[in-house]
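# Breakdown of the fold
So you can see what is in the structure, the chains are spelled out below.
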Amino acid sequence: MRTLRVRGAGTGEGHGGEVFSCVWTADGAFVLSAGWDGFLRLWMTANGQPVSALQASAKPLSCCALTPNGASWVSASMDGTLSWWDAMSHQLKMNFLAHIRPISAIQFSPDGRSLATASWDRKLMVRKVGKEREGQSLHGHHDIVSGCRWFPDGKQLLSCSHDGTLRLWDAASGGELACFRGHAGRVTAACVSGDGRWAISVGRDGTIKVWDVPRRAEVRSVRMDAEVRGCWCLLDGESAVTIAADGWMALWSLPEFEVQAELSSDIRAMCGELSPSGTEIVLGSEDGRVHFVSIGGMEGVPILVTPTQMLKPKPGVLGRFLGTEARRKVYQYTCPACRHTEEVANLPSKTIPCPTCKRLLRVSSEVRQLQPQ
């Protein structure tokens, strides 16, 4: 049975104003938040206690992120500046003007090689990690880009906007692949399922929509009584959670979008993020604190992973010498909970445990594009 339960909120000194962004560390032990007071704050997830704080700007921070290796905190201020901070010493490592208006989202790609930012300037930018000052601009939205999410393969990017649309992009070329229309007002958030099949979008007018991405079609629409501020696809690939401005949370089935669990809370969420384990959601709220919501019944549920098929050279010297190197097919998939990557010759036909964290994995029959190596 699935349940939603408020586990607690951060205590001690919080942000002096709304929390606009929060993100988990890779091991799920801490949460980094960014707020109106210009501070980055680190919280221990086990007890909700604050661990450290860094004043990153004299102006409000609009969002934050952690580099894939956890060595740096990334902050974005309302003037469009991106800054990198050493996670241990809190020393500034790099900053530059990334957008001409506030940045609404910072998202590293699944492989950690690219960085996407969404902004009030109606643009998305995709940058290579290590060459962050350079970037490719993705144009198409006609109003504030309120968020963006990478697809599991790291090749596509989904954005949502106050212009009422979602747009699907080819991350490499910057080309627009599709535009999803149907919201009558501002789209405030969106998420993508673990196999890239489903997308969910939520709006200022209380509308929640489910999209079949391959078919480029809307499959469900639900209207709530209040603005919906967040949505998260869960790791099983078969359910999602939403939260409204009045604190009402619901856990839905995909794609039917029937309520499996609900929770009436007093949390006025501004942002949120699903934990790496998929069993909790952290919410940043208007009260300057982070709140933790446990998702019961997810602990033993298999996590959906989507494999990538690759061509790799077969062992042997003769082929290389003659220039006729033979290749073999292999499959790679990454555990979302611990980020361990496994390589196999054949896809498993049943659920298998991750060699590192022991979570059960359900390998999708959908295989990503063939990639030579």
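This text goes with the structure placed above it.
Right, let's walk through the structure included here. (Residues numbered from 1 in each chain as written. Predicted model: local features only at pLDDT ≥ 70, side-chain atom pairs only at ≥ 80, totals over all residues. Heavy atoms only, no water.)

## A look at the packing of aromatic side chains
The geometry of two aromatic rings is summed up by the distance between their centres and the angle between their planes. Going through the model one piece at a time under the given rule, you end up with six aromatic pairs. Judged by centre distance (4.4 Å) and plane angle (5°), the rings of Trp252 and Phe257 are stacked. Assigned by exposure class, Trp252 and Phe257 land together as buried. Ring-pair connections join several aromatic residues into one group, and the members of that group are Trp248, Trp252 and Phe257. The side chain of Arg41 reaches across the aromatic face of Phe39, ending 4.6 Å from its centre. (Phe/Tyr/Trp six-rings, centres within 6.5 Å; stacked < 30°, edge-to-face > 60°. Buried < 20%, exposed > 50% of the residue type's maximum accessible area, 1.4 Å probe, protein only. Lys NZ or Arg CZ within 6 Å of the ring centre and 35° of its normal.)

## Focus on the sheet that holds strand β11 (residues 114-119)
On the basis of which strands lie adjacent, the open sheet formed by four strands has the order β10-β11-β12-β13 and antiparallel pairing. In this open sheet, the two edge strands, each paired with only one partner strand, are β10 (103-108) and β13 (131-138). Averaged over all adjacent pairs, the angle separating strand axes in this sheet is 25°, with direction ignored. In this sheet, strand β12 (residues 124-128) lies alongside β11 in antiparallel orientation, the contact comprising five bridges. Of the residues in β12, the one forming a bridge with Ala118 is Leu124. (Pairing = 2+ DSSP bridges. Helix = DSSP H or I, 4+ residues; strand = E, 2+ residues; numbered from the N terminus. Axes fitted to C-alpha atoms, helices over the stretch in contact; angles between N-to-C directions.)

## Side note on the nonpolar core
Counting 28 residues, the largest nonpolar core has Leu4, Val241, Met249, Leu283 and Ile295 as the members making the most contacts within it. Setting aside its immediate chain neighbours within four residues, Ile295 contacts Thr3, Leu4, Leu234, Val241, Leu251, Leu274, Gly278, Thr279, Glu280 and Ile281. Counting residues in each nonpolar core, the second largest holds 16 residues, with Val202, Ile208, Met224 and Val228 among its members. (Core = buried A, V, L, I, M, F, W, Y, C linked by side-chain atoms within 4.5 Å. Contact = heavy atoms within 4.5 Å.)

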